[in-house]
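Remarks on the overall topology
Take a look at the letters that make up each chain.
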Amino acid sequence: MKKAVIDAGVCGFKTTVSAESEDGREAALSVQSDCEHITKMMNTLGNTFDAFEVCLVRPGKGVLYEYAVDSYPAHAACPVIAGITKCIEAECGLALPRDAYIKFVDEG
């Protein structure tokens, strides 16, 4: 099982994702989020996903992003869907479990 904690930034919402896969293809997720839109998305889409259909697609494609296009009022820079995708990738062996982050640097 892989677990990821996603801090979405200025909104202050935290999301915790756990992914579990027995076959490296189908991932069962548990997603707890302070964001009502992420919670609604997961309630609508369910908790089991084909990792290839989520992770091995072009940026902005796949079931999570397709839902977001039609139903997610958040802004394009929200990192939560990418974080959920990274957790599935790591659990299913499609990527190594490494931290990813955005850091702002004040260069004066």
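Now for a description of the structure that goes with this document. For every chain, the first residue of its written sequence is number 1, and the numbers climb from 1 along that sequence. Only residues with pLDDT of at least 70 get local features here, since the model is predicted, and only at 80 or more are side-chain atom pairs given and counted; chain-wide, interface and lining totals rely on the full set of residues. As a convention, hydrogens and water are excluded, and side-chain values are obtained from all of the structure's heavy atoms.

Describing the overall build of the chain
Runs of H or I in DSSP of at least four residues are treated as helices and runs of E of at least two as strands, each being numbered from the N terminus. Secondary structure assignment for the chain yields four helices and four strands. Summarising its shape, the C-alpha atoms of the chain cover approximately 50 × 30 × 25 Å along the three principal directions. Per-residue burial for the chain yields a buried fraction of 33% across its 108 residues. By definition in these notes, contact holds between two residues if any of their heavy atoms fall within 4.5 Å. Long-range contacts, defined here as pairs at least 24 residues apart, represent 41% of the contacts in the chain between residues at least 6 apart. Of the accessible surface of the chain, which amounts to about 7300 Å², a share of 50% is contributed by carbon and sulfur atoms. In this charge count, Lys and Arg are treated as positive and Asp and Glu as negative; neither His nor the chain ends contribute. Note on charges: their place is set at NZ of Lys, CZ of Arg, CG of Asp or CD of Glu. Across the chain, the mean location of the 10 positive side-chain charges is 4 Å away from that of the 16 negative side-chain charges. Partly exposed residues are those whose accessible area sits between 20% and 50% of the maximum for their type, while under 20% is buried and over 50% is exposed, using a 1.4 Å probe and protein chains only. Only the protein chains shown count as cover for residues, and all accessible areas are computed by the Shrake-Rupley method using a 1.4 Å probe.

Here's the deal with the sheet that holds strand β2 (residues 14-20)
At least two bridges found by DSSP between two strands are what make those strands a pair. An order of β1-β2-β3-β4 is seen for the four strands of this open sheet, with the pairing classed as antiparallel. The sheet terminates laterally at β1 (2-7) and β4 (48-50), the two strands that pair on one side only. For this sheet, the mean angle separating the axes of adjacent strands, direction not counted, is 30 degrees. The pairing of strand β3 (residues 26-33) with β4 spans three bridges and is antiparallel. Bridged to Ala28 within β4 is Thr48. Here helix α1 (residues 36-45) sits on the sheet in contact with β2, β3 and β4, set at roughly 150 degrees to β3. Note on method: axes are straight lines fitted to C-alpha atoms, helices fitted across the in-contact stretch only, with angles between N-to-C directions ranging 0 to 180 degrees.

Notes on the nonpolar core
Grouped together as the largest cluster of nonpolar side chains are 26 residues, with contacts concentrated most on Leu29, Ile38, Met41, Met42, Leu64, Ile84 and Ile88. When contributions to this core are tallied by element, the ones reaching two or more residues are β2, β3, α1, α2 (51-55), α3 (63-71) and α4 (80-91). It is α4 that contributes the most residues to this core, five residues altogether. By convention a nonpolar core is built from buried Ala, Val, Leu, Ile, Met, Phe, Trp, Tyr and Cys residues, the set being connected through side-chain atoms within 4.5 Å.

In short, shape yes, function no, at least from these values alone.
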